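For reference, the chains in residue letters:
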Amino acid sequence: MTERVLPPPTLRLTVDTEALAANWCALDALSGGASAGAAVKADAYGLGVETCVPVLRDAGCRTFFVAHWSEVAPVIAHVPGDQIAVLHGVLTEADCAYARATGAVPVINSLDQAALWTATGGGRCHLMVDTGINRLGIALGEAGDPAVAALEIDILMSHLASADERTAMNRMQAELLSEAAEAIPHQRLSLANSAGIGLGESFAFDLTRPGLALYGGVPREELAGHIRPVARVEAQLLQTRNLAPGEGVGYNATFIAPTHMRVGTVSIGYADGFLRARGPGNALFHQGRALPILGKVSMDMVVVDLAAARDLAAGDWLDVPWNLADAAQQNALSAYELLTTIGPRLRQS
Ligand SMILES: *Cc1c(COP(=O)(O)O)cnc(C)c1O
């Protein structure tokens, strides 16, 4: 029997952990007197909790936001449970029991959630107040409800709907949170996500909750000089071939070679998060040389034009642009989608 050795993967995601730590420190500094936490939901926006949470912790982060209870365990492997906030709150007694068993803290979002948390034993929690996004959170009019008064609230928070835009709604939401803060006893106040930090210190309150910008996204110009790219994606050429004029490429032959062409098949596809919207009109790169994408993106592959790099052969690595600012503009995908659709084959590499 020969030993089973997994060969190296043909695609890889490299997380620049120094840039990640630097981005957290920059966002913490931009938060002024407030501290920055970190949104690490959706497996740290696709970049991996395993990789990102220890780096954020070592940089000084002490509050970590996830959406689901299923996301607590991977985070709690690296930080104390009471530093984890679960944004979806508690819907069932099982959620409450899990919160108490792990120490992770629910963000209470409704009077029903408040009553359930209290009925199952109460204890420290966070409270979301809706100030206009109409997604999660109690209404301002519910601030005086006895179910709210019964809570032991650490972070009183709200979420900005349009922090990436210049709109009067931002200031209005901040004012509504301040109003809620007068009516509801709490330890700390929190409003700003990444873009909200760019709005200035008056939006930072006690704790900010950046996600996207930690991972290299720049949702507002004010952050541009402060945020470094974090994710680098590369994929290997699997095969090269020559096309005769009139030959088609990929499913449905949506690209037809107009002339003799040298093309290459690359080991990345939509299952890896390289969605079809990133096909024609975009390019992969080799040492700065653009290699236009031909035809449809397949599940595991994409074909590129090698006219600018005829020397390349199977095994050569290509850069797959994951530049959050540019790529989002080119592809009608938001930077958030670019990150959170990164597929498991790429993440495990
Ligand atoms: C996801 C999320 C964040 C982080 O937002 P970014 O725009 O990624 O910085 C902050 N707060 C809440 C409530 C969230 O759901």
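Residues numbered from 1 in each chain as written. Predicted model: local features only at pLDDT ≥ 70, side-chain atom pairs only at ≥ 80, totals over all residues. Heavy atoms only, no water.

1. A few points about the overall build of the protein chain
Scanning the protein chain from terminus to terminus reveals 12 helices and 18 strands. Referenced to the eigenvectors of the C-alpha coordinate spread, the extents of the protein chain come out at roughly 75 × 60 × 35 Å. Here the protein chain holds 349 residues, and 50% of them are scored as buried. Of the roughly 15,600 Å² of accessible surface on the protein chain, a fraction of 52% belongs to carbon and sulfur atoms. Computing the positive centroid from 24 side-chain charges and the negative centroid from 36, the protein chain places the two 8 Å apart. (Helix = DSSP H or I, 4+ residues; strand = E, 2+ residues; numbered from the N terminus. Buried < 20%, exposed > 50% of the residue type's maximum accessible area, 1.4 Å probe, protein only. Areas by Shrake-Rupley, 256 points an atom, 1.4 Å probe, with all protein chains shown as cover. Lys, Arg positive; Asp, Glu negative; His and termini not counted. Charge placed at Lys NZ, Arg CZ, Asp CG, Glu CD.)

2. Details of the site of the ligand
Neighbouring the ligand are 14 residues, the closest being Lys41, Tyr45, Ser194, Leu212 and Tyr336. Within the side chain of Ser194, a nitrogen or oxygen atom sits 2.5 Å from an oxygen atom of the ligand. Calculation on the ligand without its partners gives an accessible area of 390 Å², and the protein chains cover 93% of this total. (Near = heavy atom within 4 Å. Polar contact = N/O pair within 3.5 Å; in protein donor to acceptor, adjacent residues only side chain to side chain.)

3. Comments concerning unusual backbone geometry
The phi angle at Asp43 is positive, at roughly 55°, despite the residue not being glycine. Mapped onto the fold, Asp43 is located in helix α2 (residues 41–45). Of note, Tyr45 is a non-glycine position whose phi angle comes to about 55°, a positive value. Structurally, the position occupied by Tyr45 is in helix α2.

4. Regarding the pairing of strand β6 (residues 105–108)
Of the two faces of β6, both are covered, the one formed by Val105 and Val107 as well as the one formed by Pro106 and Ile108. Relative to β6, strand β5 (residues 84–86) is paired through 2 bridges, and the arrangement is parallel. Counterpart to Val86 in the pairing with β6 is Pro106. Where the polypeptide runs from β5 across helix α5 (residues 93–102) and back to β6, its parallel neighbour, the crossover connection is right-handed. Here β6 pairs with strand β7 (residues 124–128) via 2 bridges, running parallel. Across the sheet, the residue bridging to Val107 is His126, located in β7. You can see the chain leave β6, run along helix α6 (residues 111–119) and come back into β7, and the turn it takes is right-handed. (Pairing = 2+ DSSP bridges. Right-handed = clockwise from strand over helix to strand, strands pointing away.)

5. Examining the domain arrangement of the protein chain
Once the domains are mapped, the protein chain shows domain 1 (17–218) and domain 2 (231–347). Across the domain 1/domain 2 interface, buried area totals approximately 810 Å², and carbon plus sulfur atoms make up 71% of it. Among the residues of domain 1 in contact with domain 2, Tyr45, Gly46 and Leu212 are the three that bury the most area, contributing 51% of the side total. Here domain 1 is connected to domain 2 by 1 salt bridge. Taking the shortest distance from any N to any O, the salt bridge between Arg347 and Asp43 comes out at 2.8 Å. Run the count over domain 1 and domain 2 and you get 1 residue pair in polar contact (both at pLDDT 80 or more). For the side of domain 1 that touches domain 2, a count of residues per class yields 5 nonpolar, 4 polar and 1 charged. (Domains from an automatic or database assignment. Buried area = accessible area lost by both parts, 1.4 Å probe. Salt bridge = Lys/Arg side-chain N within 4 Å of Asp/Glu carboxyl O. Nonpolar A, V, L, I, M, F, W, Y, C, P; charged D, E, K, R; others polar.)

6. Some words on the packing of helix α1 (residues 17–30) against helix α3 (residues 49–59)
For the pair α1 and α3, interaxial distance at closest approach is 9 Å and the crossing angle is 45°. It follows that α1 is oblique to α3 by the angle criterion. Our pair here, α1 against α3, has a crossing hand that is right-handed. On the side of α1, the interface is formed by Thr17, Leu20, Ala21, Trp24 and Cys25, while α3 contributes Thr51, Cys52, Val55, Leu56 and Ala59. In terms of residue class, the contact of α1 with α3 is built from 8 nonpolar, 2 polar and no charged. (Axes fitted to C-alpha atoms, helices over the stretch in contact; angles between N-to-C directions. Parallel < 35°, antiparallel > 145°, perpendicular 65-115°, else oblique. Left-handed = near helix turned anticlockwise from the far one by under 90°. Contact = heavy atoms within 4.5 Å.)

7. As for the packing of aromatic side chains
One pass over the full model with this rule turns up 4 aromatic pairs. Seen from their ring centres, Phe274 and Trp322 are 6.5 Å apart, and the 50° between their planes marks the pair as tilted. Here Trp322 lies in the loop between β18 (317–320) and α10 (324–331) and Phe274 lies in the loop between β14 (261–266) and β15 (283–286), a separation of 48 residues in the sequence. Each member of the pair Phe274 and Trp322 is classed as buried. Sitting over the ring of Trp317, Arg12 keeps its end group 3.7 Å from the ring centre. Here the basic side chain of Arg278 rests over the ring of Trp322, its NZ or CZ set 4.5 Å away from the ring centre. (Phe/Tyr/Trp six-rings, centres within 6.5 Å; stacked < 30°, edge-to-face > 60°. Lys NZ or Arg CZ within 6 Å of the ring centre and 35° of its normal.)

8. Details of the nonpolar core
By size, the foremost hydrophobic cluster in this structure holds 92 residues, and its most contacted members are Leu47, Leu56, Leu127, Ile184, Tyr215, Ile268 and Trp322. Looking at this core element by element, the count peaks at 5 residues for α3. Counting the residues that make up this core, at least three belong to each of domain 1 (17–218) and domain 2 (231–347). What Leu127 contacts, discounting residues up to four positions off in sequence, is Val107, Ile108, Ile138, Val148, Leu151, Ile153, Ile155, Leu156, Met157 and Ile184. Among the nonpolar cores identified, the runner-up in size contains 8 residues, and Phe65, Ala85, Val107 and Met157 belong to it. (Core = buried A, V, L, I, M, F, W, Y, C linked by side-chain atoms within 4.5 Å.)

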